Amino acid sequence: MKATTPETTKGVLYGLAAYTMWGSFPLYFALFEGVPAWEVLIHRVIWSCLFLAIVITLMQRWQPVRSALARPRKLGFVLGCAVFIALNWGVYIYAVETHHVLQASLGYFLTPLVNVAMGMLILRETITRLQAIAVVLAAVAILYQLFLLGIVPWITLVLAFSFGTYGLFRKKVELDGLSGLFVETLLLLPVGLLTWAWLGAEGLSHFSDSTGMMLLLLSSGIVTAIPLLAFAGAARRLRLATVGFLMYINPTIQFLIALFVFEESLSGEKLASFVMIWVALAIYSWSAWNGRKAPQ
């Protein structure tokens with residue numbers, strides 16, 4: 001067995017920190033009670049852009065940003081990333097505010113399987129038989145909710161497919177995670193600022209409701225950027241397969257918070273959907289683990 005290096009240990013710690021913070025986001029966004037999800041979203045865009053600019057300045061990482069902005073014709077995929085990550089953020093905040101964190105966690109459990117399906121259908125990637133079984137089982141879990149429970153788990157589907165599509169577009173973008181997210185929020189910044197100005201003019205803005213709310217909205221930029229920096233530290237030091245396994249920490253924490261903090265109800269029928277997705281993920285993970293030494 002290969003010895004664990006100090007850098008690998010650091011990578012695991014960074015990964016644990018990143019996914020634990022992301023998994024704990026419901027506790028943070030629940031603090032914005034009374035503020036519409038889309039208003040929280042525009043502040044998240046504005047203050048993320050500002051905070052990321054500060055981080056990039058401190059890290060002296062402006063060169064890739066300047067190179068990207070110097071080629072506006074190639075910013076199409078970055079704009080696509082911006083739209084889908086904004087959709088993902090907005091629906092996630094809405095899920096927390098409306099006490100649908102279980103649906104949100106199911107969406108992030110489903111995301112790796114959506115990625116596999118998109119790779120097969122859109123990128124024409126080949127998948128193993130086990131991966132195909134995992135995707136089919138995940139589809140059955142969603143159809144189960146649709147036909148037997150009589151509900152469309154739209155939060156689950158939007159979160160999974162928006163993040164999956166974001167990942168698909170991200171493959172076409174040469175920017176690293178930090179620079180990429182900055183450019184994405186920069187492209188969304190004019191919309192955010194105009195919307196904030198309109199809210200202020202109409203007397204609908206919650207930014208000045210209280211000092212506490214102002215600080216909360218300002219902090220959304222820091223809360224967005226710090227897990228990303230930790231994730232970047234993990235991704236540089238760990239194999240992709242290891243990062244993939246750590247990813248399940250995020251929806252697992254969300255699932256536990258939904259049950260034990262927000263006390264959302266989990267009926268036997270809903271639990272059956274989760275179990276099918278978990279079995280599908282176990283099959284997918286087993287396939288990924290067995291194929292980790294396969295030639296590229």
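Residues numbered from 1 in each chain as written. Predicted model: local features only at pLDDT ≥ 70, side-chain atom pairs only at ≥ 80, totals over all residues. Heavy atoms only, no water.

Draft legend 1. Molecular detail of the packing of aromatic side chains. The final tally for this structure, using the stated rule, is 22 aromatic pairs. On the numbers, 6.1 Å between centres and 80 degrees between planes, the contact of tyrosine 19 with phenylalanine 231 is edge-to-face. Of this pair, tyrosine 19 sits in helix H1 (residues 6–23) while phenylalanine 231 sits in helix H10 (residues 211–237), placing them 212 residues apart in sequence. Taking relative accessible area as the criterion, tyrosine 19 reaches 7% and is therefore assigned buried. Pairing tryptophan 196 with phenylalanine 207 gives two aromatic rings, centres 5.0 Å apart and planes at 70 degrees, and the pair type is edge-to-face. With tryptophan 196 in helix H9 (residues 177–202) and phenylalanine 207 in the loop between H9 and H10, the pair connects residues that are 11 residues apart, well separated along the chain. Of the residues examined, tryptophan 196 reaches a relative accessible area of 22% and is grouped as partly exposed. Here phenylalanine 207 falls in the buried class, since its relative accessible area comes to 13%. Taken together, the ring pairs connect Phe25, Tyr28, Phe29, Phe32, Tyr92, Tyr108, Phe163 and Tyr166 into an aromatic cluster. The ring of tryptophan 89 carries the charged tip of arginine 44 above its face, separated from the ring centre by 4.0 Å. (Phe/Tyr/Trp six-rings, centres within 6.5 Å; stacked < 30°, edge-to-face > 60°. Helix = DSSP H or I, 4+ residues; strand = E, 2+ residues; numbered from the N terminus. Buried < 20%, exposed > 50% of the residue type's maximum accessible area, 1.4 Å probe, protein only. Lys NZ or Arg CZ within 6 Å of the ring centre and 35° of its normal.)

Draft legend 2. View of a nonpolar patch on the surface. On the surface, a cluster of nonpolar side chains totalling about 720 Å² of accessible area is made up of Tyr94, Leu143, Leu146, Phe147, Leu148, Val152 and Trp154. By the element assignment, tryptophan 154 lies in helix H8 (residues 154–170). Here tryptophan 154 falls in the partly exposed class, since its relative accessible area comes to 40%. (Patch = residues over 30% accessible without salt bridge, like charges linked within 9 Å, V, L, I, M, F, W, Y side chains within 5 Å. Areas by Shrake-Rupley, 256 points an atom, 1.4 Å probe, with all protein chains shown as cover. Salt bridge = Lys/Arg side-chain N within 4 Å of Asp/Glu carboxyl O.)

Draft legend 3. Expanded view of the pattern of salt bridges. A full pass over the atoms with the stated rule returns 4 salt bridges. Its salt-bridge partner being glutamate 7, residue lysine 10 comes within 3.7 Å of it at the nearest N-O pair. You can see lysine 10 and its partner glutamate 7 sitting in helix H1, 3 residues apart, about one turn around the helix. Taken together, the shared-partner salt bridges in this structure form one network comprising Glu7, Lys10 and Arg237.

Draft legend 4. Examining the confidence of the model for the chain more closely. On average, residues of the chain score 89 in pLDDT, and 96% of them reach the 70 mark or higher. The element-level mean pLDDT for the chain is lowest in helix H11 (residues 240–246), coming to 75, with helix H2 (residues 25–29) highest at 97. (pLDDT = per-residue confidence, 0-100.)

Draft legend 5. Geometry of the side chain of serine 105. Along the chain, serine 105 falls in helix H6 (residues 101–121). Overall, the relative accessible area of 0% leaves serine 105 in the buried class. If we ignore the near neighbours within four places in the chain, the residues touching serine 105 are Pro251, Gln254, Phe255 and Phe274. (Contact = heavy atoms within 4.5 Å.)

Draft legend 6. Spotlight on H6. The terminal C-alpha atoms of H6, which comprises 21 residues, lie 29 Å apart, in line with the 30 Å expected from a rise of 1.5 Å per residue. H6 sits mainly inside the fold: 18 of its 21 residues count as buried. (Expected span 1.5 Å × (residues − 1).)

Draft legend 7. Here's a closer look at the packing of helix H3 (residues 37–59) against helix H5 (residues 76–97). Two elements in contact, H3 and H5, have axes separated by 9 Å at closest approach and are oriented at 135 degrees. Put simply, H3 runs oblique to H5. Helix-helix and strand crossings are classified by hand; for H3 and H5 the assignment is right-handed. Along its contact with H3, which presents Ala37, Val40, Leu41, Arg44, Val45 and Ser48, the element H5 presents Ala86, Trp89, Gly90, Ile93, Tyr94 and Glu97. Tallied by class, the residues present in the contact of H3 with H5 amount to 8 nonpolar, 2 polar and 2 charged. (Axes fitted to C-alpha atoms, helices over the stretch in contact; angles between N-to-C directions. Parallel < 35°, antiparallel > 145°, perpendicular 65-115°, else oblique. Left-handed = near helix turned anticlockwise from the far one by under 90°. Nonpolar A, V, L, I, M, F, W, Y, C, P; charged D, E, K, R; others polar.)

Draft legend 8. Quick look at the environment of asparagine 88. Looking at the element boundaries, asparagine 88 is found in helix H5. Of the residues examined, asparagine 88 reaches a relative accessible area of 3% and is grouped as buried. Taking the C-alpha atoms as reference points, asparagine 88 and phenylalanine 161, separated by 73 residues in sequence, lie 8.8 Å from one another. Leave out the neighbours within four places in its chain, and asparagine 88 touches Tyr108, Leu159, Ser162 and Phe163. Reaching out from asparagine 88, the side chain makes a polar contact with the backbone oxygen of leucine 159 at a distance of 3.1 Å. (Polar contact = N/O pair within 3.5 Å; in protein donor to acceptor, adjacent residues only side chain to side chain.)

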